[in-house]
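Notes for the structure review
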Amino acid sequence: MESTSAKWTQSLLYLFLILVLLFFLHNHLSPHHQTPRLKKNPHLPLRFRSDGTFKILQVADMHYGNGPITRCRDVFKSEFRYCSDLNTTRFLEKIIQLEKPDFLAFTGDNIFGSSAADAAESLFGAFAPAMESGLPWAAVLGNHDQESTMNREELMFFLSLMDYSVSEINPSAEELSSLVGSGRNKTIDGFGNYDLRVYGAPGSHLANSSILDLFFLDSGDRETVQGIRTYGWIKESQLHWLRQVSKVFQGQKQDICSPDAFTALTVPTLAFFHIPIPEIRQLYYQKIVGQFQEAVACSSVNSGVLQTLVSLGDVKAVFMGHDHANDFCGNLEGIWFCYGGGFGYHGYGKTGWPRRARVILAELGKGEKGWMGVEKIKTWKRLDDKMLTKIDEQVLWESPISQ
């Protein structure tokens, strides 16, 4: 009897331990406490609408800090009862609702690292309207993003994992190896160098062809040259990658012909990066569209970006940020260089000069058999005023076929 009683006691104790273990697992490892969360992806590939348009919203220099406790800079006290990062959020929400873009391009200084207690929290706050919209979006880094709790590689990795983001850290090792060939360094400077392709309208002859290319480049942050601090610049490894990718594109473009003609279509390219190149200073003496209100804050090093872009032959426009009080477009050797204008309220601005964003619209030509290639690229800006005023609309490029 004692043996049987002892066995029952051991069994009950064993059962009790199992129940305690199950209770622990339920409370600490159950989905209620640790829900596996998958990234929400946009509908891909990027493509033109059925009405033959593809609209990009460029957002430059959000300078997001810590949300509602981060105060605005360079605004009249009479403009807002209380102004914070949430004004930046509301502006982004309003302009997405008004313009209904197909794609969002963030051109750096997305967060103001020195004002961001936690980089991840600030990134979630800054990009919340983009993620809530469900639209595909991509970002590059500026010179302030890495000043918080993440370095540049960590930032791009984090950005690439955010909902609906199509941002990339860099080309894969396999892609770099296939592009640069043997005998060259199979690495690339910076983080956030990648290309995206936009396909033709659904149901069209070019639905399965890339007819608009988008390049994103890391222009760096700060560097020291001969003992003097200067802004970063796009390095030769990045330009070499750009040339090789463009060469591959050129080969593919030879196979893309108009449905109404035997001539190859022009496939334009747009580029996005943060810090302007030194040649932008020349535009102070030339005809521009928009305002040139502050000195160009660029690197002391001229790495040959303009020459490279011109040599590619298909780059029609470049979109940049960094200098918040400049919002102009100017032409250098056949390529338009356009500032986005300061978007964020925690970044510096010009008192009485509204925050703004740039819109880019690519339009397809229409042939007898349907949509053709890109016929025209236009741009304008929207101000964060009561009317979200539209200003400075201009044509950046027209296809020679349409002229």
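The coordinates are above.
By convention here, each chain's residues receive numbers from 1 onward along its written sequence. Totals for whole chains, interfaces and linings use all residues, but because this is a predicted model, local features are given only for residues with pLDDT of at least 70 and pairs of side-chain atoms are given and counted only at 80 or more. The basis for the side-chain values is all heavy atoms of the structure; hydrogens and waters are excluded.

Cysteine sulfur atoms are paired as a disulfide whenever they come within 2.5 Å of each other. Per the stated rule, a full pass over the model turns up two disulfides. With a sulfur-sulfur separation of 1.9 Å, Cys72 is cross-linked through a disulfide to Cys83. Its torsion about the S-S bond being -85 degrees, the disulfide of Cys72 and Cys83 is classed as left-handed. Placement of Cys72 in the loop between strand S2 (53–59) and helix H2 (85–99) and of Cys83 in the loop between S2 and H2 is noted, with a sequence separation of 11 residues between them. Each member of the pair, Cys72 as well as Cys83, is classed as buried. The partner cysteine of Cys329 in its disulfide is Cys338, sulfur to sulfur 2.1 Å. Across the S-S bond of Cys329 and Cys338 the torsion is about 120 degrees, and the bridge reads as right-handed. An identical accessibility class is assigned to Cys329 and Cys338; each is buried. Each helix corresponds to a stretch of at least 4 residues labelled H or I by DSSP, and each strand to a stretch of at least 2 residues labelled E; elements are numbered beginning at the N terminus. With a 1.4 Å probe rolled over the protein chains alone, any residue whose accessible area is under 20% of its type maximum counts as buried; one over 50% counts as exposed, and the rest are partly exposed.

For the rest of this paragraph, the subject is the packing of aromatic side chains. Aromatic ring pairs are defined here through the distance separating the ring centres and the angle between the ring planes. Any two rings among Phe, Tyr and Trp, with Trp reduced to its six-membered ring, count as a pair given centres within 6.5 Å; such a pair is stacked if its planes are under 30 degrees apart, edge-to-face if over 60, and tilted if neither. Counted by the stated rule, this structure contains 17 aromatic pairs. Three or more aromatic residues joined by ring pairs make a cluster, and in this case those are Phe48, Phe54, Phe103, Tyr194, Phe216, Phe272 and Phe319. Over the face of the ring belonging to Trp233 we find Lys235, whose NZ or CZ atom lies 4.5 Å from the ring centre. The side chain of Lys366 reaches across the aromatic face of Trp371, ending 4.6 Å from its centre. Charge over a ring is defined by NZ of Lys or CZ of Arg lying within 6 Å of the ring centre and within 35 degrees of the ring normal.

Right, let's get into H2. Here H2 spans 21 Å end to end across 15 residues, near enough to the 21 Å set by a 1.5 Å rise per residue. For H2, every residue scored as buried is listed here: Asp85, Asn87, Thr88, Thr89, Phe91, Leu92, Ile95, Ile96 and Glu99. Working rule for contacts: check all heavy atoms of both residues, and any pair within 4.5 Å makes them a contact. On its buried side, H2 packs onto S2, strand S3 (103–107), helix H3 (119–133), strand S14 (356–367) and strand S15 (370–383). Given the number of residues in a helix, its expected span is that number minus one, multiplied by 1.5 Å.

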